Amino acid sequence: MFAFLSSFDATVMPQPAPPDPKTASSSPTPSASETWDPAAFDPPDFYDLDALLSDEATAVRDRVRAFVTEEVVPIIEKYAQRGEFPRHLISSFAEHGLLGPTLPPEYGGEGHSNIAYGLIMQELERGDSGLRSFCSVTGALVMYPIWQYGSDAQKERWLPALARGEAIGCFGLTEPDVGSNPAEMQTRARRDGDGWVLDGHKRWSTNATIADVAVIWAKDEDDTVRGFLVETDRDGVETPPIDDSWSLRAAVTSEVVLDGVRVPDAARLPEVSGLKGPLSCLTQARYGICWGTIGAAMACFDTARQHAQNREQFGGPIGRFQLMQERLVDMVQEITKAQLLNWRLGTLKEAGTMRPQQVSLAKRNNCQTALDVARSARQVLGGNGVTSMYPVMRHMNNLESVVTYEGTHEVHTLIVGEDVTGLNAFT
Ligand code: TGC
Ligand code: FAD
């Protein structure tokens, strides 16, 4: 009776055309005093940090800033509302050199300085944390381990393709029962002839559903952590999306299920073993997050400032009220401190002396700063601040993920706590 069900294939069902992201809108119609002009973005730089930037860093920053204003800001609200990653932007990321920007050109990178890399992340996250996530994961969590720990064959196969956006990567460390303490990971790698068999379940893997290759961290039979480059089309790999999230709605986040997945020994990252493999990648990604979060904060501050100058209540602009000015001053004060932190962190990284604990302090401070700025900016916007008429609530919801991933606020507190006391709170 229900025989037709056996031939049902949702992928060939006629689908309604998606709304045009540039025009479709269900936000309230803005009044004259509710204008927010992203093209008028006037980034806070209270202590003239621009004067400290090299010509290279300034040029890169300006290029990415223009790209975000022209290609990201006009579309991102609609993609986030629909819970869709704007996949067409990947080729633009590649064209602008945003995928693995610090790697040398021979492997498709741009050879950029660490300050320029930070500024790229800042500008991308001014657009959306999810887009910065895509580029962070590609550069810091996929290309970096291949570059640092991979064989020549692995580098040649994956790095140029990842830099060109022709291959997409993801990073599998977290599991359903193992988050803050990856030392307890359950995923297993068992020797099998001249290869390996992987079994396990990774969760919260950014990009995985659309990835070609997953960097999977697993324990071998001696309980040693090892990294593997697993093509996602291998038998036994499933990458279902997690699509009910209120945060990072314009990004892809997924599970990675590994059920008896066979890989050759050539898929193992040969130059690293132990937890320092994945943790060293996290240091690279956390560095980018330190800068990225301040991009989101700058977008929220600028939106709130424009609104405070334009919106009139009680016979004049709300920005004339002392309570509104205090909010804006608190924002610019905390953003300025975070910018100084980033600049110094960047110079330490460039000199090769940056310590992971210094990254933890900045990650902890800057995520919290950005969240506080976003929440305060939302208040300045009044009722319309909860809609997509302004970018602030999207940033605020995104930052709830950013404060959690790459080490939660508490984890970074305890990393710095151990550094300043010499006492380990994790054991
Ligand atoms: P511990 O004994 O401290 O260290 C083990 C080995 O690793 C070295 N190490 C690091 N190396 C480089 N960078 C770091 N940040 C490092 N931290 C530790 C360490 O020197 C040691 O080396 P060796 O040679 O002596 O073996 O390890 P532990 O198990 O006690 O670690 C404790 C703790 C809590 C700090 C660590 O587990 C941790 O950081 N947990 C947080 C987990 C986390 O951040 N997960 C992130 C998953 S990926 C993600 O969220 C991507 S989001 C992507 C996006 O969309 O942007
Ligand atoms: P838990 O570790 O269970 O922590 C729950 C709470 O307990 C937190 O508040 C935490 O701070 C607190 N807590 C834990 N231990 C302590 C302690 N010792 N002292 C005090 N408090 C403590 N992971 C990947 O591997 N790859 C990815 O690409 C990736 N992308 C992500 C994308 C998104 C959108 C999100 C939300 C997560 C992503 N993650 C990814 C996972 C992320 O790194 C973890 O969510 C994070 O490390 C925290 O782990 P958990 O969620 O299991 O929380």
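Computed from a predicted model, the values in this text were never measured in an experiment. (Residues numbered from 1 in each chain as written. Chains lettered and ligands numbered in written order. Predicted model: local features only at pLDDT ≥ 70, side-chain atom pairs only at ≥ 80, totals over all residues. Heavy atoms only, no water.)

1. Describing the site of ligand 1
Residues in contact with ligand 1 amount to 25 residues; listed here are only the nearest, Ser133, Ser180, Thr283, Arg286 and Gly407. Arginine 132 places a side-chain nitrogen or oxygen 3.2 Å from an oxygen atom of ligand 1. At 2.9 Å, a side-chain N or O of serine 133 approaches an oxygen atom of ligand 1. For ligand 1, whose accessible area on its own is 1,100 Å², the fraction buried by protein is 70%. Broken down by secondary-structure element, the contributors of at least two residues to the shell around ligand 1 are helix 5 (129-149), helix 7 (276-310) and helix 11 (409-421). (Near = heavy atom within 4 Å. Polar contact = N/O pair within 3.5 Å; in protein donor to acceptor, adjacent residues only side chain to side chain. Areas by Shrake-Rupley, 256 points an atom, 1.4 Å probe, with all protein chains shown as cover. Helix = DSSP H or I, 4+ residues; strand = E, 2+ residues; numbered from the N terminus.)

2. Comments concerning the nonpolar core
If you look at soluble globular proteins, the nonpolar side chains tend to sit buried side by side. In this structure, Phe93, Phe134, Leu198 and Trp217 are the most contacted members of the largest nonpolar core, which totals 87 residues. Ranked by size, the runner-up nonpolar core spans 35 residues in total, among them Ile289, Leu328, Ala338 and Val380. (Core = buried A, V, L, I, M, F, W, Y, C linked by side-chain atoms within 4.5 Å. Buried < 20%, exposed > 50% of the residue type's maximum accessible area, 1.4 Å probe, protein only.)

3. Notes on unusual backbone geometry
In this model, asparagine 207 sits at a positive phi of 80°, which is unusual for a non-glycine residue. You can see asparagine 207 is positioned in the loop between strand 3 (195-206) and strand 4 (213-219). Classification of asparagine 207 as buried rests on a relative accessible area of 2%. At glutamate 406, a position not held by glycine, the phi torsion is positive, near 60°. Here glutamate 406 lies in the loop between helix 10 (392-402) and helix 11.

4. A few points about the pairing of strand 7 (residues 253-264)
Within a regular beta strand, the side chains point alternately toward one face of the sheet and then the other, so they alternate between its two faces. Alignment of strand 3 against strand 7, held across 9 bridges, turns out to be antiparallel. Paired with leucine 198 across the strands is valine 261, a residue of strand 7. (Pairing = 2+ DSSP bridges.)

5. Looking at the packing of aromatic side chains
Taken as a whole and judged by the stated rule, the model has 11 aromatic pairs. Each ring, one from phenylalanine 93 and one from phenylalanine 134, has its centre 5.8 Å from the other, and the planes form 35°; the classification is tilted. Taken together, the residues span a long stretch of sequence, with phenylalanine 93 in helix 3 (residues 89-95) and phenylalanine 134 in helix 5 at a distance of 41 residues. Phenylalanine 134 carries the same exposure label as phenylalanine 93, and that label is buried. Aromatic ring contacts, followed pair by pair, group Phe67, Phe85, Phe93 and Phe134 into a single cluster. A cation over a ring is seen here: arginine 126 above phenylalanine 41, with NZ or CZ 4.1 Å from the ring centre. Note that lysine 349 overlies the ring of tyrosine 287, its terminal NZ or CZ placed 5.4 Å from the centroid. (Phe/Tyr/Trp six-rings, centres within 6.5 Å; stacked < 30°, edge-to-face > 60°. Lys NZ or Arg CZ within 6 Å of the ring centre and 35° of its normal.)

6. Some thoughts on a nonpolar patch on the surface
A cluster of nonpolar side chains, Phe46, Tyr47 and Leu340, forms an exposed patch at the surface whose accessible area comes to about 360 Å². By the element assignment, leucine 340 lies in helix 8 (residues 322-351). (Patch = residues over 30% accessible without salt bridge, like charges linked within 9 Å, V, L, I, M, F, W, Y side chains within 5 Å. Salt bridge = Lys/Arg side-chain N within 4 Å of Asp/Glu carboxyl O.)

7. Regarding the environment of leucine 53
By secondary structure assignment, the location of leucine 53 is in the loop between helix 1 (3-6) and helix 2 (55-82). Overall, the relative accessible area of 14% leaves leucine 53 in the buried class. As a C-alpha pair, leucine 53 and methionine 393 span 340 residues in sequence and 31 Å in three-dimensional space. Ignoring anything within four residues of it in the chain, the contact list for leucine 53 reads Thr58, Arg61, Ile115, Leu119 and Trp343. (Contact = heavy atoms within 4.5 Å.)

8. Some words on the site of ligand 2
Around ligand 2 there are 18 residues in total, and Thr174, Ser180, Trp204, Thr408 and Glu410 lie nearest to it. Between ligand 2 and serine 180, the relevant distance is 2.6 Å, taken from an oxygen atom to a side-chain nitrogen or oxygen of the residue. A distance of 2.7 Å is found between an oxygen atom of ligand 2 and a side-chain nitrogen or oxygen belonging to glutamate 410. Burial of ligand 2 by the protein amounts to 66% of the accessible area it has alone, namely 970 Å². At the level of secondary structure, the elements contributing two or more residues to the shell around ligand 2 comprise strand 3 and helix 11. The element best represented in the shell around ligand 2 is strand 3, accounting for 3 residues. Partitioning the shell around ligand 2 into residue classes produces 7 nonpolar, 9 polar and 2 charged. (Nonpolar A, V, L, I, M, F, W, Y, C, P; charged D, E, K, R; others polar.)

9. Some details on helix 8
Given a rise of 1.5 Å per residue, 30 residues ought to cover 44 Å, and the 43 Å separating the end C-alpha atoms of helix 8 matches this to within 8%. At the exit of helix 8 stands glycine 352, carrying a positive phi of roughly 75°. (Expected span 1.5 Å × (residues − 1).)

10. Let's talk about the side chain of glutamate 77
Residue position: glutamate 77 is located in helix 2. Judged by relative accessible area, which is 12%, glutamate 77 ranks as buried. There is a polar contact of 2.9 Å between the side chain of glutamate 77 and the side chain of arginine 394. Look past the residues within four positions of glutamate 77 in its chain and what remains in contact with it is Ser388, Tyr390, Pro391 and Arg394.

In short, shape yes, function no, at least from these values alone.
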